[in-house]
Amino acid sequence: MFKKLLLAMVLGCFGVACLTGEANAQTKKTTSSTKQIEAKYKQAIELINEKDTEGAMDVLDQILELDPNQSGAWALKSYLYNKEKNFKQAERAAKKSLVLDESFAFVWFELGFAQASQGKFELAVESFEQAIELNPKHWVAYECLAFVLNKLDREDEADKWTRLKASRMAKDKKATNVTMKDDE
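These numbers come from a predicted model, not from an experiment. (Residues numbered from 1 in each chain as written. Predicted model: local features only at pLDDT ≥ 70, side-chain atom pairs only at ≥ 80, totals over all residues. Heavy atoms only, no water.)

*Asks:* What exactly am I supposed to notice about the confidence of the model for the chain here?
*Replies:* Atomic detail in the predicted coordinates should be set aside for any region of low pLDDT. Mean pLDDT for the chain: 84, with 78% of residues reaching 70 or above. Across residues 1-30 the pLDDT falls below 50, and counting only partners more than four positions away or on other chains, this stretch makes 53 contacts in the model. (pLDDT = per-residue confidence, 0-100. Contact = heavy atoms within 4.5 Å.)

*Asks:* Please explain the side chain of Thr 53 as it appears in this structure.
*Replies:* With respect to the helices and strands, Thr 53 occurs in helix α3 (residues 53-66). In this structure Thr 53 touches Leu 80 and Glu 84, once residues within four positions along its chain are discounted. (Helix = DSSP H or I, 4+ residues; strand = E, 2+ residues; numbered from the N terminus.)

*Asks:* What is the right way to look at the pattern of salt bridges in this model?
*Replies:* A side chain of one charge can pair with a side chain of the opposite charge if their charged atoms are brought near each other. Within the structure shown, the criterion is met by 8 salt bridges. Across the pair Glu 91 and Lys 95 runs a salt bridge whose closest N-O atoms are separated by 3.2 Å. Within this pair, Glu 91 and its partner Lys 95 are both found in helix α5 (residues 87-100), separated by 4 residues, close to a single helical turn. Linking Glu 143 and Lys 165 is a salt bridge whose minimum nitrogen-to-oxygen distance equals 2.5 Å. (Salt bridge = Lys/Arg side-chain N within 4 Å of Asp/Glu carboxyl O.)

*Asks:* So what exactly am I meant to see when it comes to unusual backbone geometry here?
*Replies:* Trans is the prevailing form of peptide bonds, just as negative phi is the prevailing case for residues other than glycine. The residue Lys 51 is not glycine, and still its phi comes out positive at about 60°. The class of Lys 51 is exposed, set by a relative accessible area of 67%. Positive phi is not limited to glycine here, since Lys 85 has a value of about 65°. Mapping Lys 85 onto the fold places it in the loop between α4 (71-83) and α5. Residue Lys 85 is classed as exposed on the basis of its relative accessible area of 64%. (Buried < 20%, exposed > 50% of the residue type's maximum accessible area, 1.4 Å probe, protein only.)

Laid out in structure tokens, this is it:
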């Protein structure tokens, strides 16, 4: 399940054209480089799911050798660095990804996580807020944001975000229930 989710996240949020740095809406043809990079993304995700961080990092480096402007590769490297508790490298990789594409909530979350883990709480607040703005259903970002705000002794703000998360989750659940009833 996680494998499909991660692959969908990378390919869906970035799209093959963005992943390969060939984001030309007019051009529909797929180059061999595009196919090679897409195959490498799939390989990296397989390795992530197999908990082979070193192998996944190697494949992501191969992608970046082919095209250093792969925001998806930098995003996944940030995720893996965070998992390894290498927060400085995670922050660097997230920032490289965001220079290329600021619209990916996953990367803002990874940046916030790396910042918070280094005690950079004010910066983490901004990153988590951006993740939530881009994806209001990023429930973990709300929890991390509330945690960081509490660390900064900003309990009222933390409570506000916790309540907002609960409200949005309830609305989302109602919408899901209505959709499921309509499908029956």
